Structures are given as C-alpha cells and as structure tokens.
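Fold and contact review
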Amino acid sequence: MKKICLLIACLSLCAGLAAQTIKLPEPKKDATMTLYQALQQRASVRDFQKKEVSDQTLSDLLWAAVGINREDGRLTAPTAMNTQEVRLYVCKAEGCYEYVAKDNSLVKLSDKDVRKDIAGRQGSVADAPVFLVIVSDLTKYRFQDAKTAQFGAIDCGYVSQNICLACEALGLATVPRAGMDEAVLTKEFGLKEGQVLLINHPVGYEK
Ligand SMILES: Cc1cc2nc3c(=O)[nH]c(=O)nc-3n(C[C@H](O)[C@H](O)[C@H](O)COP(=O)(O)O)c2cc1C
C-alpha cells in the first residue's frame, strides 16, 4: 500500500512539473547590432537590476546560445563531431528549467530558486533575474577520456561566447562564471555521472 501511495505521489509530482513546460515565443533573430559592435562592447558585468527578462528576449538569447539554425538540426554553436552534448539550464525565481531547442521550450525540473546557490560568495550577481547554466553531457561520447572531456569543455566555451555576444546584441548584461554550488545544481537538475557543470551566466540588465 505504501509503495502504491509513493508511486502516486511521484506520478503527480512529475505530471505537475511537466504541466509547467513553457513554450517560448519564436525567436525573432532580428537584433540589429553588428557582430563587430557586439565584440567592441562585450565586457563582463556583475551588478544587475532586478528587472525581468521577457520570454521573447530569453527565446532570442537561448536560440543564439545553442538553438537550431539548419534544417538538419545543427546548432548555432559547433560541437565536436556534431555530438550536441551541451545542455543549457535556465534558472529563475520560480525554478529551474532545461532548454529544449527542438521545441523551443523550457521543461521545468524543479521549483527551487537556486540563484543564490549559483552566485555563492559573489553576492552581487544574485540579483540577476535569470541564470543560464551550461553542462557538458559527456555520456554522449562513445568513449569517456581526457580528449572527450576537452571537447566537452571547448563546446561549452562556444555556447558561453554566443551568450556573451547575444547579450550585447539584445541590450542584456552577463559574465561567464565558473563558481557555483555544484551539489545543489546536480540535485535540482537531476544530473547523472558524466554530466558536468562547467560554466554559468547571470543574465539581466546592467545596474
Ligand atoms: C572560464 C571562466 C571562468 C570565469 N569565472 C568567473 C567567476 O567565477 N566570477 C567572475 O566574476 N568572473 C568570472 N569570469 C570572468 C572573467 O573574470 C573575465 O572574463 C575577465 O576578468 C576579463 O574581463 P572581461 O570579461 O570584462 O573582458 C570567468 C571567465 C571565464 C572565461
């Protein structure tokens, strides 16, 4: 009986979270800043207003980060051997989501606000309304060795730079950060062995 109750509780929890999947507006892809202007302006920002980032702006940013830009499903960021092992998580006050590029949606994973856990001792960034967290899913590689770990880190770097430049183009501010509470994020994202937290980006409007 206990087992049945537990199963029902788990199923309703899963159904509740699934119901909270957010379909994002189509990315507009119409920012007018040139690549060279974005490169000229890119700079790390660590103080954010509490102002929210709209779903439209978030959709544009996520598409630039690691969205699909070709009919065969390839991405805005290159990945070694087209492994597409980069996973992008979106953390907001209302919880944690994973970005699913093929559906342009955010799948809810947790109701916890983890922004302070990501900011850690660097409290100034905790005001950012959104954190993007980049994970390398090394289990996608046939072999797990030093070389594939390197590929994973390199591929996440491309996504991080896409985020930096798209933030400039969209009037947003960010900083790439290595520091974060990995134990909390591993739990809330449901990460498994071989899925490695590499870098995070607080995203918002500069104070
Ligand atoms: C891999 C990596 C990790 C970083 N980690 C942090 C961090 O934990 N906290 C932080 O404030 N900045 C972090 N930064 C940002 C750098 O400090 C910043 O890029 C550098 O000081 C140069 O400044 P700029 O980005 O304005 O050119 C990191 C940058 C990279 C590429």
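All figures in this text were calculated on a predicted structure; none of them were measured in a lab. (Residues numbered from 1 in each chain as written. Predicted model: local features only at pLDDT ≥ 70, side-chain atom pairs only at ≥ 80, totals over all residues. Heavy atoms only, no water.)

1. Let's talk about the sheet that holds strand E5 (residues 130-137)
Reading across from one edge, E1-E4-E3-E2-E5-E7-E6 is the order of the seven strands in this open sheet, with antiparallel pairing throughout. Edge positions in the sheet fall to strand E1 (22-23) and strand E6 (173-174), since each has one partner strand and no second. This element, helix H6 (residues 182-189), spans strand E2 (86-92), strand E3 (95-100), strand E4 (105-110), E5 and strand E7 (195-204) of the sheet and lies at about 95 degrees to E7. (Pairing = 2+ DSSP bridges. Helix = DSSP H or I, 4+ residues; strand = E, 2+ residues; numbered from the N terminus. Contact = heavy atoms within 4.5 Å. Axes fitted to C-alpha atoms, helices over the stretch in contact; angles between N-to-C directions.)

2. What about helix H3 (residues 55-66)?
Taking 1.5 Å per residue, 12 residues should reach 16 Å; H3 reaches 16 Å between its end C-alpha atoms and fits that length. Across the 12 residues that make up H3, a large majority, nine, are buried. Here the buried face of H3 lies against E2, E3, E4, E5, helix H5 (146-169) and E7. (Expected span 1.5 Å × (residues − 1). Buried < 20%, exposed > 50% of the residue type's maximum accessible area, 1.4 Å probe, protein only.)

3. Quick notes on the site of the ligand
Taken together, Arg42, Ala43, Ser44, Arg46, Gln122, Val175, Pro176, Arg177, Ala178, Gly179 and Ile199 make up all the residues around the ligand. For the ligand, an oxygen atom lies 2.7 Å from a polar atom in the side chain of arginine 42. A distance of 3.5 Å separates an oxygen atom of the ligand from a polar atom in the backbone of glycine 179. Residue classes in the shell around the ligand are distributed as five nonpolar, three polar and three charged. (Near = heavy atom within 4 Å. Polar contact = N/O pair within 3.5 Å; in protein donor to acceptor, adjacent residues only side chain to side chain. Nonpolar A, V, L, I, M, F, W, Y, C, P; charged D, E, K, R; others polar.)

4. Description of empty space enclosed by the protein
The final tally for this structure, using the stated rule, is one cavity of 30 Å³ or more. There is about 40 Å³ of room inside the largest cavity. Sorting the residues of the lining of the largest cavity by element identifies H5 and E6 as the ones contributing at least two each. If one sorts the elements of the lining of the largest cavity by residue count, H5 sits on top with three residues. Its residues assigned to classes, the lining of the largest cavity comprises seven nonpolar, two polar and two charged. (1 Å grid on protein atoms, 1.4 Å probe; cavity = no way out; pocket = protein on both sides within 12 Å on 5 of 7 lines; lining within 4 Å. Points joined across faces, edges and corners; volume = space filled by probe spheres on them.)

These values are about where atoms sit, not about what they do.
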